[in-house]
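Given next are the chains, with one letter for each unit.
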Amino acid sequence: MNKPVISVVVPMYNEEEVIDVTYEKLTAVMEGTGLPYELIFVNDGSRDATLPKALDICGRDARVKLIDFARNFGHQLAITAGMDHSSGDAVVVIDADLQDPPEVIPEMIAKWQEGYEVVYGKRLKREGDSAFKKATAKVFYRFLNSMTDVSIPVDTGDFRLIDRKVCDALLDVPEHNRYIRGIVSWLGYKSCPVEFERHKRYAGTTKYPLKKMLRFASDAIMSFSYKPLKLATFLGCLTMAAAIIVLIFYAIFGALNPVSSLLIALMFVAGLVLLCLGIVGEYIARICDEVRDRPLYLVRGTVNFPEEE
Ligand code: UDP
Ligand code: MG
C-alpha cells in the first residue's frame, strides 16, 4: 500500500449511530481527491458499540486504522493520539458526527498544496447547535481572545488540516491540559481559513456536556494567559483601596451602623480571598499535572498500523 499523503484523524466517543455514515462519507471524499490516505479512528473509551463497529470497518478496509484507548481521555487527547500515530504529509482532524462537513477537506488540501501549513475551518453558521451552545461559544471565543496573549482565530474548532511539520511540532509540546487550537496558533506557521457552515449533528447527542465545556474553557484560558492571576492581584488592590476609603468615610461621618458594615466588609474580603485562592489553585493544579508527567493517554490496542505496538 502507498504511503498515505493525507491522514484523517477522527476522535470518537459513543458514536455508534454515526460511525458507519461518517466512514462512508469520508471514504467517498478521500477517494475523490485521488491521493493515498489513511483514516485514523480513535475510540476514546466508548461504552456503546463504537468499538465493534470500528473493528468491523477495519476488517473490510485496510486504509482505516484504529487506536483503542483504555478509557475516556477526552477529545483533545484523542486527537493527539491520532496525530501521534499518523504518517501522512498532512493531517486533517474532523469530528465524527459530520458537523464538520467532509466535503470541505478537498478545499483544505488545495490550500495546503498552495503552501499553507495550517488550514483551519471557520464556521460561518452553526445551524446545528442549541441557542445556549451558540451564545456560550460566541462569548467564550471573544473572551478568550481578550484574556490570552496569542491570537486564536474566533469561530474555529479543531476541524483543520495541518502540515507534517506542524504536526511534529505540536507533538513536541508536552502539555497535559491541551487546548490544541491554541497551541497551533502559538506555534505560528503560515495559516489560512476555509469557511464552512456547521450542520446539525448527524445523529446522537453532544459528547460535550456543560462540565466538559467548562473544563475545556478553563484549560484554554489557563494555558494561554496569566491574566486571571493578575486579576487576583488587581482585585486585592481594589478591595484594599475600598477599605481605606470606607475607613476615611467612617472617620469623617461616623454615622453608619458599625456592626453591619463590619460584617459586609468581612464578607467581601473573605470572598475576595477565596476567589484569589481559587484562581491560584487552578494554576497549581495544572502545575501538578505537568510535574506528575503521567502519560497523556493509554492505548489498549491498535489495528491496521504497519508496526503493531
Ligand atoms: N469526543 C471524544 N471524547 C470525548 C468527547 C467527545 O473523542 O470525551 C469526540 C466526539 O466523538 C466527536 C468530537 O469529539 O467526534 C466532538 O464532540 P461533540 O460533537 O460531542 O461536541 P460538540 O460538537 O457538541 O461540541
Ligand atoms: Mg459535534
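Anything mentioned here points back to the structure above.
These numbers come from a predicted model, not from an experiment.

(A) Summary view of the coordination of the magnesium ion (ligand 2). At this site the magnesium ion (ligand 2) is bound by D97 (OD) and Q99 (OE1), with donor distances of 1.9 Å. Taken individually, D97 and Q99 each receive the classification buried, so the pair is uniform in this respect.

(B) Expanded view of a nonpolar patch on the surface. On the surface, I244, I248, F249, I252 and F253 cluster together into a nonpolar patch covering about 540 Å² of accessible area. Tracing the backbone through its elements, the reader meets I248 in helix α9 (residues 227-253). Judged by relative accessible area, I248 falls into the partly exposed class, the value being 47%.

(C) Focus on the nonpolar core. Ranked by size, the top nonpolar core spans 38 residues in total, and within it F69, M83, I162 and Y179 carry the most contacts. Beyond its immediate chain neighbours, meaning those up to four positions away, M83 contacts V9, V91, V93, I162, C167, L170 and L171. Residues F41, I57, I109 and V119 belong to the second largest nonpolar core, which totals 35 residues.

(D) Fine view of the pattern of salt bridges. The full count for this structure, using the stated rule, is 13 salt bridges. Here D219 makes a salt bridge to R286, at a shortest N to O gap of 3.1 Å. Of this pair, D219 sits in helix α8 (residues 210-224) while R286 sits in helix α10 (residues 258-292); the two residues are 67 residues apart in sequence, bridging distant segments of the chain. Through salt bridges that share partners, R215, D219, E282 and R286 make up one connected network.

(E) Layout of the packing of aromatic side chains. For the structure shown, the criterion picks out four aromatic pairs. Ring geometry for F69 versus F73: centroids 5.4 Å apart, planes at 85°, classification edge-to-face. Put simply, the rings of F69, F73 and Y297 pair up and form one aromatic cluster. Directly above the aromatic system of F73 lies the positively charged group of R71, at a separation of 3.8 Å from the ring centroid.

(F) Region of the structure containing the environment of G32. Relative to the helices and strands, G32 is located in helix α1 (residues 19-33). Overall, the relative accessible area of 65% leaves G32 in the exposed class. G32 sits 221 residues away from F253 along the chain, and the two C-alpha atoms are 81 Å apart.

(G) Just the site of ligand 1, in detail. In the vicinity of ligand 1 there are 19 residues, among which E15, D44, D97, T206 and K207 approach most closely. E15 is positioned with one of its side-chain polar atoms (N or O) 2.6 Å from an oxygen atom of ligand 1. In the environment of ligand 1, an oxygen atom lies 2.6 Å from a nitrogen or oxygen atom belonging to the side chain of D97. Notes on ligand 1: free accessible area 530 Å², of which the protein chains cover 96%. When the residues that make up the shell around ligand 1 are grouped by side-chain class, the tally is five nonpolar, five polar and nine charged.

Conventions adopted
Residues numbered from 1 in each chain as written. Chains lettered and ligands numbered in written order. Predicted model: local features only at pLDDT ≥ 70, side-chain atom pairs only at ≥ 80, totals over all residues. Heavy atoms only, no water. Donors = N, O, S within 2.8 Å, 3.2 Å for Na, K, Ca; no water. Buried < 20%, exposed > 50% of the residue type's maximum accessible area, 1.4 Å probe, protein only. Patch = residues over 30% accessible without salt bridge, like charges linked within 9 Å, V, L, I, M, F, W, Y side chains within 5 Å. Areas by Shrake-Rupley, 256 points an atom, 1.4 Å probe, with all protein chains shown as cover. Salt bridge = Lys/Arg side-chain N within 4 Å of Asp/Glu carboxyl O. Helix = DSSP H or I, 4+ residues; strand = E, 2+ residues; numbered from the N terminus. Core = buried A, V, L, I, M, F, W, Y, C linked by side-chain atoms within 4.5 Å. Contact = heavy atoms within 4.5 Å. Phe/Tyr/Trp six-rings, centres within 6.5 Å; stacked < 30°, edge-to-face > 60°. Lys NZ or Arg CZ within 6 Å of the ring centre and 35° of its normal. Near = heavy atom within 4 Å. Polar contact = N/O pair within 3.5 Å; in protein donor to acceptor, adjacent residues only side chain to side chain. Nonpolar A, V, L, I, M, F, W, Y, C, P; charged D, E, K, R; others polar.

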